[in-house]
Amino acid sequence: MWSSMGVFDKARSASHLGEPTGRPYICLACDASFDLQYHACPDCGGYDIRRAKWVE
Ligand SMILES: [Zn+2]
């Protein structure tokens, strides 16, 4: 049950990002991805940087 849900989540996140091997952090506002967790998004200035490590 848990593992199948994990796969589901992984696939959904990957398609959402458009790049399966994306970086560990994403901006929820503009979907930019980063190697590190910025305090604010360099792209759009948003503060919704979220960890997306499970995408990998
Ligand atoms: Zn952004």
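Reference entry: report on the structure contained in this document.

The rules behind the values
- Residues numbered from 1 in each chain as written.
- Predicted model: local features only at pLDDT ≥ 70, side-chain atom pairs only at ≥ 80, totals over all residues.
- Heavy atoms only, no water.
- Helix = DSSP H or I, 4+ residues; strand = E, 2+ residues; numbered from the N terminus.
- Buried < 20%, exposed > 50% of the residue type's maximum accessible area, 1.4 Å probe, protein only.
- Contact = heavy atoms within 4.5 Å.
- Areas by Shrake-Rupley, 256 points an atom, 1.4 Å probe, with all protein chains shown as cover.
- Salt bridge = Lys/Arg side-chain N within 4 Å of Asp/Glu carboxyl O.
- Pairing = 2+ DSSP bridges.
- Donors = N, O, S within 2.8 Å, 3.2 Å for Na, K, Ca; no water.
- Tetrahedral: all angles 85-135°; square planar, octahedral: opposite > 155°, others 65-115°.

1. A look at the overall build of the chain
Phase 1 of the analysis: Looking only at helices and strands, the chain has one helix and three strands in total.
Phase 2 of the analysis: Tracing the chain from N to C terminus, the helices and strands come up as α-β-β-β.
Phase 3 of the analysis: Residue burial in the chain is summarised as follows: out of 56 residues, 27% are buried.
Phase 4 of the analysis: Restricting to contacts in the chain with at least 6 residues of sequence separation, those with at least 24 account for 33%.
Phase 5 of the analysis: By element, 54% of the accessible surface of the chain is carried by carbon and sulfur atoms, the whole surface being about 4300 Å².

2. As for unusual backbone geometry
Phase 1 of the analysis: Phi is positive for Asp 31, which is not a glycine, with a value near 70°.
Phase 2 of the analysis: By secondary structure assignment, the location of Asp 31 is in the loop between β1 (25-27) and β2 (33-34).
Phase 3 of the analysis: The partly exposed category is assigned to Asp 31, whose relative accessible area is 33%.

3. Let's talk about the pattern of salt bridges
Phase 1 of the analysis: By the definition in use, this model includes one salt bridge.
Phase 2 of the analysis: A salt bridge links Arg 23 to Asp 35, with the nearest nitrogen and oxygen atoms 3.5 Å apart. Placement of Arg 23 in the loop between α1 (2-17) and β1 and of Asp 35 in the loop between β2 and β3 (49-51) is noted, with a sequence separation of 12 residues between them.

4. With respect to the sheet that holds β3
Phase 1 of the analysis: Across the sheet, which stays open at both edges, the three strands sit in the order β2-β1-β3 with antiparallel pairing between neighbours. Either end of the sheet is taken by a strand with one partner, and the two such strands are β2 and β3.
Phase 2 of the analysis: In this sheet, β2 lies alongside β1 in antiparallel orientation, the contact comprising two bridges. Among the inter-strand pairings, Ile 26 is bridged to a residue of β2, identified as Ser 33.

5. Section: the coordination of the zinc ion
Phase 1 of the analysis: Surrounding the zinc ion are the protein donor atoms Cys 27 (SG), Cys 30 (SG), Cys 41 (SG) and Cys 44 (SG), which sit 2.3 Å from the metal.
Phase 2 of the analysis: Considering all four donor atoms around the zinc ion, angles at the metal cover 107 to 116° and the coordination shape is tetrahedral.
Phase 3 of the analysis: Of note, the donors binding the zinc ion are all from one chain and are spaced C-x2-C-x10-C-x2-C. With Cys 27 in strand β1 and Cys 41 in the loop between β2 and β3, this pair connects stretches of sequence that are 14 residues apart.

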